[in-house]
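Here's the letter readout for the chains.
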Amino acid sequence: MCVFTPKAPSLPNRIEGFMKLPRFRSAFAAATSILLSVAFGSAQAADKILNLYSARHYQTDEALYANFTKQTGIRINRIEAGDEALLERLRTEGKQSPADVVLLVDAARLWKGQIEGLFQPLKSSTLQARIPAHLRAKDDGNGSEWFAFTTRARIIVYNKSKVQANEVADYQSLASPSLKGKVCTRSGMHPYMLSLIGAISEHLGEAQAQAWAAGVVTNFARTPRGGDTDQIRAVASGECAVALTNTYYLARLMRSDKPQDKTVMQRIGFVMPNQSNWGTHLNVSGGGIARNAPHRDEAVKFLEYLASDQAQIYLADGNNEWPVVPGVKSSNPALAALGEFKQDTLPIGSIGRSQITAARIIDRVHWR
Ligand code: FE
């Protein structure tokens, strides 16, 4: 989902050149960088520009950005790449980074940016009022702050001819002896799995979460491989009976006109797990203002815009996700089919942080 798109307008050549500067530290290079930075900054102040580093790229995002420019006169330069590539780029660029706003997907990755201090603090009464407190995170040490702008749930899919919905009502049931040889998952080291396992450890404690993870590994139908859509297809084909997926992958299949996808959807059912206790695990896409943002005012305007009703609907529909602002409703038919459900309200910052525990668990139970 997070792939570089050649459609995106590239930064002006001057900026690209600046960003390709070799990473050596002679006095000359440093002076050159400062001069370029000053020139770049003043030119952009006049132009009203925002440099956006984004791991999102969906068709509706074009309208999202165009609408912001229309409202504010601020032009958006986009760098679109995968989450890890963007984080690496920010680290490499350091204080000379032209990034103003950084958008990433999954709390595990946003937390990485947080603890490395790649975001800056932001006091915004608009964001505080519109985004629920458990969907914002701030680092106590470095002040790095980020906000969720959409949510997705991690849910259970099952093969209707092999399993009943009530056998897989909770994440805990994936470790049940009755599912031996029936569970498919992607690698436990993937951020989506680390976030879920981290959240489960927050609820059960590390020892119980590890016992659960060991039970899931015992139930594997095959060695973990592939992405979420691969797990759904493996459930439909009967290679396994149960798997985990983020909701937007299921929503894409629900909305697909392809005959093979329709067949997949006929064979599988889905469960929003843990409705009788802590609720279904939610993850997010989100972002914050880059630590060294040259255009801070524009960056604040952009983040506040992302929390507006209209932008929330663009953002959510772009990837079949839910808006974070309470009361904003999209008319997405796949989301309607997923229905209302009880959501886990663990603070998103604690989900990010708990991936350290999750990684330890994954190692010990060999969920590779
Ligand atoms: Fe994804």
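Residues numbered from 1 in each chain as written. Predicted model: local features only at pLDDT ≥ 70, side-chain atom pairs only at ≥ 80, totals over all residues. Heavy atoms only, no water.

What exactly am I supposed to notice about the pattern of salt bridges here?
When their charged atoms lie close together, side chains carrying opposite charge are able to pair. This structure, assessed with the given rule, holds 20 salt bridges. When the shortest N-O distance is used, the salt bridge between Glu84 and Arg109 registers 4.0 Å. Here the residue Glu84 occupies a position in helix α4 (residues 83-93), and Arg109 occupies one in helix α5 (residues 107-115), the gap between them amounting to 25 residues. Under the relative-accessibility criterion, Arg109 is labelled buried at 11%. Among the salt bridges present, the one from Arg91 reaches Glu88, with a minimum N-O distance of 3.0 Å. A residue pair is termed a helical-turn pair when its members lie 3 or 4 positions apart in one helix, as Arg91 and Glu88 do in helix α4 at three residues. Given the relative accessible area of 40%, Glu88 is considered partly exposed. Beyond isolated ion pairs, a larger network of salt bridges with shared partners links Arg56, Asp61, Arg152 and Glu321. (Salt bridge = Lys/Arg side-chain N within 4 Å of Asp/Glu carboxyl O. Helix = DSSP H or I, 4+ residues; strand = E, 2+ residues; numbered from the N terminus. Buried < 20%, exposed > 50% of the residue type's maximum accessible area, 1.4 Å probe, protein only.)

Sorry, what's going on with the nonpolar core here?
Counting residues in hydrophobic clusters, the biggest one holds 52 residues, and the most contacted among them are Phe149, Phe302 and Leu306. Considering each element in turn, this core owes the most residues, six residues, to helix α12 (residues 296-306). If you look at the next biggest cluster of nonpolar residues, it comprises 28 residues, including Val168, Leu174, Ala241 and Val271. (Core = buried A, V, L, I, M, F, W, Y, C linked by side-chain atoms within 4.5 Å.)

Would you explain helix α13 (residues 309-318) in this entry?
Owing to its 3.6 residues per turn, the α-helix aligns residues three or four sequence positions apart on the same side. Along α13, the residues that are buried comprise Ala311, Gln312, Leu315, Ala316 and Gly318. The arc that holds every buried residue of α13, seen down its axis, measures 160 degrees, which confines them to one face. Those residues of α13 that are buried lie in contact with α3 (59-72), β5 (145-159), α12 and β10 (322-323). Looking one or two places after α13, you find Asn320, whose phi comes out positive at around 50 degrees. (Arc of directions from axis to C-beta. Contact = heavy atoms within 4.5 Å.)

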